[in-house]
Amino acid sequence: MLPIAMLTGAVFHRLFEHLSFLTPYLIFSMLLLTFCKLSLKNIRFIPLHGWLLLIQTFGSILVYALFCFFNPVLAESALICVLAPTATAAAVITGMLGGNIAFLATYVLVSNLGTAIAAPIIFSLLGSHSDMPFMQSFLYICKQVFPLLILPLLCAWGMQKFTPKLHMRLLGIHQLSFYLWAIALTIVMGKTVVFLVDQQNPNYTNEILIALLSLVICVLQFFIGRRLGKHYGDAISAGQGLGQKNTILAIWMAQIYLSPLASIGPAAYVVWQNSINSYQLWKKRKTDQ
């Protein structure tokens, strides 16, 4: 599904560019279906969640600071690859690898809440709406990011409490989130390709650097997550929590709030993280034989 979605978006990029307005609705729907599987009774916060969130938030600022003085676009791309919350599909991969699904499901919630709070502050400080005062820019970004990341959670828990029949019906179709992800990936890839094709003065060296940096960041996040998780006896879950990102959301945020060129980073991250997951699954199957 991954190569088909990316190839379709690339080939028919003009068509899917016109559907880019659907991206936030698809993200909302994916998160809603994911959060429907989360019960308040099963959520358990442990110190490891806090460490991963600190790395996700302050690590994004650190990588931006490392590159911003000589290549601002590279810095923005690095920032969004770290700041993006954990992918909704990470719990599935974690289960296949033998990790703790409950831990990862809780961290999906934690990392989305963290991004909802941190993103408007960081984007406003970067001057993504430089024509606005800081507070006005902050509130503007909050108005777009908060509903996208917080409302699905509130809706899921509200249905769980007040409309249990509807909640159970959504639980029965939670696999739909995978197909929504594929559609969203096709659309954001189409928009990314349109930007690359239409750019006036392309800098292919810079674009290759962005893709390579996203590879380094991807490997480092999986590695750091696993090393940190090992201290808590849960290397697999921590590695997936920190390394597997909601790249659809990352590309959308880069295209809306940062330089459109920065979206190449999370677009390449799609390939890198799925390559790492494929290798991990192959290695586990080989070990289990």
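Report follows, based on the coordinates. (Residues numbered from 1 in each chain as written. Predicted model: local features only at pLDDT ≥ 70, side-chain atom pairs only at ≥ 80, totals over all residues. Heavy atoms only, no water.)

A word on the side chain of Ser60
Note the cut-off: Helix and strand definitions follow DSSP, with helices as H or I runs of at least four residues and strands as E runs of at least two, each counted in order from the N terminus. Exposure classes here rest on a 1.4 Å probe applied to the protein chains alone. A residue is buried below 20% of its type maximum, exposed above 50%, and partly exposed in between. Whether two residues are in contact is decided by their heavy atoms: any pair within 4.5 Å suffices.
Among the structural elements, Ser60 can be located in helix α4 (residues 47-67). Ser60 sits in the buried class, given a relative accessible area of 0%. Other than its neighbours up to four places away in sequence, Ser60 contacts Ile55, Leu79, Val82, Leu83 and Ile122.

A look at the nonpolar core
Here is the rule we go by: To form a nonpolar core, buried Ala, Val, Leu, Ile, Met, Phe, Trp, Tyr and Cys residues must be joined to one another through side-chain atoms within 4.5 Å.
With 74 residues, the main nonpolar core has Ile27, Phe35, Phe123, Leu185 and Met253 as its most contacted residues. Once residues within four sequence positions are removed from consideration, Ile27 is found in contact with Leu148, Ile248, Leu249 and Trp252. Leu48, Leu52, Leu228 and Ala238 belong to the second largest nonpolar core, which has 8 residues in total.

Considerations on a nonpolar patch on the surface
Defined as follows: Exposure above 30% relative accessible area and the lack of any salt bridge qualify a residue for a patch; like charges then connect within 9 Å, and the nonpolar side chains Val, Leu, Ile, Met, Phe, Trp and Tyr within 5 Å. Surface exposure here means Shrake-Rupley accessible area, sampled with a 1.4 Å probe, where a residue is shielded only by the protein chains that are shown. We count a salt bridge whenever a side-chain nitrogen from Lys or Arg sits within 4 Å of a carboxyl oxygen from Asp or Glu.
On the surface, Met1, Ile173, Leu176, Phe178 and Tyr179 cluster together into a nonpolar patch covering about 460 Å² of accessible area. With respect to the element layout, Ile173 can be found in the loop between α10 (164-172) and α11 (176-198). By relative accessible area, Ile173 is classed as partly exposed at 40%.

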